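# Notes for the structure review
So you can see what is in the structure, the chains are spelled out below.
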Amino acid sequence: KTGQSLIDAYYAMDLFVFSSKTETQGMVLAEAMAAATPVIALDATGVREVVSDMENGRLLEGDASQENFAAAIKQFFEDRQNMDSMQKSALETARGLDRSNCASLLSELYADICKTWTKEKRSASIDDLLGDWDEILKAVRMEWNMLSRKIDALTKTLTSSD
């Protein structure tokens, strides 16, 4: 599904259950949350950056069984007040992934890097500096690419009129 049919599917859900152990960016999670749909998922990279346990969904152990998923789903539907709270939190999470917020996060990352750049490192050799900067640039590039893809997918989902 794509476009409006995908948006409609997310809005039709009360809960999005995600059992992948290999999610890299959490885009489907953010898309579900943009429709105020909480997520139950395995604790994995790309998931834990989006899902906050007992806030906008449930984050289960990486080796959770089918029974663990079933218990989490049952608990979700039995606690209506918590269900409403998670729906609101899921929507807020998705709103927090807009371009402006992601740009601010990147700016904060850069500021943190600058703060940790000590006087000792400033006097290091050019080879040491270039090696450090190369690692920093790789990390910043990776973060920027992940945030950009999440934002693009979320924007397409929210603005699609198919």
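Residue indices begin from 1 for each chain and proceed along its sequence in written order. Per-residue local features are limited, in this predicted model, to residues with pLDDT of at least 70; the limit for side-chain atom pairs, both in listing and counting, is 80 or more; totals at the level of whole chains, interfaces and linings are taken over all residues. Heavy atoms from the whole structure form the basis of all side-chain values; hydrogens and water molecules are not counted.

A few words on the packing of helix H1 (residues 3-12) against helix H2 (residues 27-34). Two numbers describe how H1 lies on H2: the axes approach to 8 Å, and their chain directions differ by 70°. Accordingly, the angle class assigned to the pair H1 and H2 is roughly perpendicular. Like other packed secondary-structure pairs, H1 and H2 cross with a definite hand, here right-handed. Two secondary-structure elements touch here, H1 through Leu-6, Tyr-10 and Tyr-11 and H2 through Val-28, Glu-31, Ala-32 and Ala-34. Residue type decides the class: Asp, Glu, Lys and Arg count as charged, Ala, Val, Leu, Ile, Met, Phe, Trp, Tyr, Cys and Pro as nonpolar, and the leftover types, Gly among them, as polar. Tallied by class, the residues present in the contact of H1 with H2 amount to 6 nonpolar, no polar and 1 charged. Lines are fitted to the C-alpha atoms to define the axes, a helix being fitted only along its stretch in contact, and any angle between axes, read from their N-to-C directions, falls within 0 to 180 degrees. Secondary structure elements are defined from DSSP: runs of H or I of at least 4 residues count as helices, runs of E of at least 2 residues count as strands, and each element is numbered from the N terminus. Any angle that is under 35 degrees is reported as roughly parallel, and any over 145 degrees as roughly antiparallel; angles of 65 to 115 degrees are reported as roughly perpendicular and all others as oblique. What makes a crossing left-handed is the near helix being turned counterclockwise from the far one by less than a right angle; a clockwise turn instead makes it right-handed. What makes two residues a contact is simply this: any of their non-hydrogen atoms within 4.5 Å.

Two strands are said to pair when DSSP picks up at least two bridges between them. In spatial order, the strands read E1-E2-E3; together these 3 strands make up an open sheet with parallel pairing. Across the chains shown, the open sheet's two edge strands, defined by having one partner strand only, are strand E1 (16-18) and strand E3 (57-60). Within the sheet, the average angular offset between the axes of one strand and its neighbour, ignoring direction, is 5°. Across the sheet, H2 touches E1 and strand E2 (39-42), and the angle it forms with E1 is around 170°.

To define a nonpolar core, start from buried Ala, Val, Leu, Ile, Met, Phe, Trp, Tyr and Cys residues and group those joined through side-chain atoms within 4.5 Å. Note on exposure labels: buried denotes an accessible area under 20% of the residue type's maximum, exposed denotes more than 50%, and partly exposed covers the range between, all computed with a 1.4 Å probe on protein chains only. In terms of nonpolar packing, the biggest core is built from 21 residues, with Phe-16, Leu-29, Met-33, Val-39, Val-47 and Val-51 touching the most fellow members. Those elements giving two or more residues to this core turn out to be H1, E1, H2, E2 and helix H4 (80-95). Counting residues per element, this core draws most heavily on H2, which supplies 5 residues. With residues near it in sequence (within four places) discarded, Val-39 still touches Leu-15, Phe-16, Leu-29, Ala-32, Met-33, Val-51, Asn-56, Gly-57 and Arg-58. Among the nonpolar cores identified, the runner-up in size contains 10 residues, and Leu-15, Ile-40, Ala-72 and Met-83 belong to it.

With that settled, consider the pairing of E2. On E2, burial covers both faces: Val-39 and Ala-41 on one face and Ile-40 and Leu-42 on the other are all buried. By the bridge criterion, 3 bridges tie E1 to E2 in an arrangement that is parallel. Residue pairing in the sheet places Phe-16 in a bridge with Val-39 of E2. Inspection of the sheet shows E2 paired to E3 by 4 bridges, in the parallel sense. Note that in E3 the partner of Ile-40 across the bridge is Arg-58.

Worth remembering: the numbers are spatial, not functional.
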